Amino acid sequence: MNALIIFVLLLALMLTGMPISISLGLTVLTFLFTMTEVPIDTVALKLFTGIEKFEIMAIPFFILAGNFLTHGGVARRMINFASSMVGHWHGGLALAGVLACALFAAVSGSSPATVVAIGSIILPAMVRQGYPKSFGAGVITTSGALGILIPPSIVMVMYSVTTNTSVGKLFMAGVVPGVMLAFFLGLTTWWLARKHNYPRMAKASWGERWTTFRKSAWGLLLIVIVMGGIYTGTFTPTEAAAMAAVYAFFIAVFVYKDLKLKQVGKVLLDSAAMSAMLLYIITNAILFSFLMTSENIPQAMAEWITGQGLGVVSFLLVVNILLLLAGNVMEPSSIVLIMAPILFPVAMKLGIDPVHFGILIVVNMEVGMCHPPVGLNLYVASGITKMGITELTVAVWPWLLTMLGFLILVTYIPQISLWLPNLIYS
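Under an unreviewed UniProt entry, the name given to the protein chain is TRAP transporter large permease protein, and the source organism is Duganella dendranthematis. UniProt, in its Function (unreviewed entry) section for the protein chain, records the words "Part of the tripartite ATP-independent periplasmic (TRAP) transport system." Word for word, the UniProt comment on the protein chain under Subcellular location (unreviewed entry) is "Cell inner membrane".

Right under this line is the structure:
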């Protein structure tokens, strides 16, 4: 009964158009102060202790690193390198967009940042070359979603904070699925480009490829620093995030010199604003999680689900449907912070690996970012392309179907996610 009251209240507040973070906080406070005897100082204490975890510090650092890279000319150099490698194939510039998104995802940790950085440069170039605007928008909107699957990933950090799963293992687990999804999105792009005979670029010489690689090497080196540092145990994922922020500042301002010192203040302010927004969502979601736990709702749901006789296969199918439905009304960070504490205990009871479960959730979040009504990538792409959400929704369908097919693979073949972390951490 209490669970029903909580969820009805949350849904009612969300339907008024209130931001999800405020809806969560108000739901908790309303329930606690009218239905329970919990003292107010406990709530205040929970608000502070909820975000005391060291891992959460990785979020503002990765946001800062991503913003320095977005403004610092790294994206343009990555696009030039990607174009020199795959530009001569069918749909060359579009394929370069997929590859550049994958590379930029490996240094930014954010899907919207990837869409902005790569899309704002490559989409106008694709239109100039004669590609339909809808084709370019479809490629970048969906490929940009790689930002939360290819490590480092802000969404993975949030899942780790919520479930106490190793961030390092999650980052390693995202590598193989990330590369696979980039390949499948590229394959879809190539097939459509070949079918419609879209433009190809002249084949670059090995000298030109070496030049573009050399120019983009400072940006690509960040992948090695972050992943290599975590893999070798030189630093934790949070320390890697801090290193990434300092390194991104250095190459944007002093190496590439695309970011002037007078612009640094604005980048810091933008990063602080985005970090504050995410931390506010996390704080309220942790408060919501505290309420759920104090009312024994996750445990009761876990018992109910297992009591229905659901096996691993059926449970994972239900999880996918639930998360895809949640993706229609919420953005990724909110979904992870609300749904993970509820679904995670059931997954553990059924013997599902926590790292595999985390990757499954992240892939679901990727799909959610690419379809309406709240797909973040759609809104970002809409701002760049000046296309309507309905038009964009039609444009992304071929790649969205590819992502749904990939979701089935990741769900039922755990080794895709677990092979690399098992190899490294064994």
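Still to come is the rest of the account.
Undergrad: I would appreciate a short explanation of the environment of Met403 in the present structure.
TA: Considering the arrangement of structural elements, one finds Met403 in helix 20 (residues 397-412). A C-alpha to C-alpha distance of 8.5 Å links Met403 and Thr142, two positions 261 residues apart in sequence. Leaving out residues up to four positions away in the same chain, Met403 has contacts with Thr142, Ala145, Leu181, Leu185, Glu366, Val367 and Cys370.

Undergrad: Looking at this model, I keep getting lost on the side chain of Thr411. Mind explaining?
TA: Its location among the elements puts Thr411 in helix 20. In this view, Thr411 contacts Leu316, Asn320, His356 and Leu360; residues no more than four positions away in its chain are not counted.

Undergrad: Is there a simple way to explain unusual backbone geometry in this structure?
TA: Across residues other than glycine, the phi torsion is negative in most instances, and most of the peptide bonds are trans. Cis geometry marks the peptide bond from Pro151 to Pro152, where omega comes out at 0°. Locating Pro152 in the fold gives a position in the loop between helix 8 (133-143) and helix 9 (154-163). Within the chain, Asn197 stands out as a residue other than glycine whose phi angle is a positive 55°. Among the structural elements, Asn197 can be located in the loop between helix 10 (167-196) and helix 11 (206-232). Residue class for Asn197 comes out exposed when judged on its relative accessible area of 61%. With a phi angle near 55°, Lys257 is a residue other than glycine that sits in the positive phi range. You can see Lys257 is positioned in the loop between helix 12 (237-255) and helix 13 (261-294).

Undergrad: Would you mind showing me how to read the nonpolar core here?
TA: For soluble globular proteins, the rule of thumb is that nonpolar side chains tend to be buried together. Ile118, Phe135, Phe315, Leu323 and Phe357 are the most contacted members of the largest nonpolar core, which has 147 residues in total. Ignoring any residue separated from it by four or fewer positions in sequence, one finds Phe315 in contact with Ile305, Leu310, Leu343, Val346, Ala347, Leu350, Ile352 and Phe357.

Undergrad: So what exactly am I meant to see when it comes to the pattern of salt bridges here?
TA: Opposite charge on two side chains permits them to pair, given that their charged atoms come into close proximity. Applying the stated rule across the entire model yields three salt bridges. In this structure, Asp258 engages Arg76 in a salt bridge whose closest nitrogen and oxygen atoms are separated by 3.7 Å. Here the residue Asp258 occupies a position in the loop between helix 12 and helix 13, and Arg76 occupies one in helix 5 (residues 74-86), the gap between them amounting to 182 residues. Its salt-bridge partner being Asp270, residue Lys266 comes within 2.9 Å of it at the nearest N-O pair. Taken together, the residues Lys266 and Asp270, both in helix 13 and four residues apart, mark about one turn of the helix. Here Asp270 falls in the partly exposed class, since its relative accessible area comes to 31%. Ionic contacts of the salt-bridge type, sharing partners, join the residues Arg76, Arg77 and Asp258 into one network.

Conventions and cut-offs
- Residues numbered from 1 in each chain as written.
- Predicted model: local features only at pLDDT ≥ 70, side-chain atom pairs only at ≥ 80, totals over all residues.
- Heavy atoms only, no water.
- UniProt positions renumbered as here; feature names shortened; annotations may be inferred.
- Helix = DSSP H or I, 4+ residues; strand = E, 2+ residues; numbered from the N terminus.
- Contact = heavy atoms within 4.5 Å.
- Buried < 20%, exposed > 50% of the residue type's maximum accessible area, 1.4 Å probe, protein only.
- Core = buried A, V, L, I, M, F, W, Y, C linked by side-chain atoms within 4.5 Å.
- Salt bridge = Lys/Arg side-chain N within 4 Å of Asp/Glu carboxyl O.

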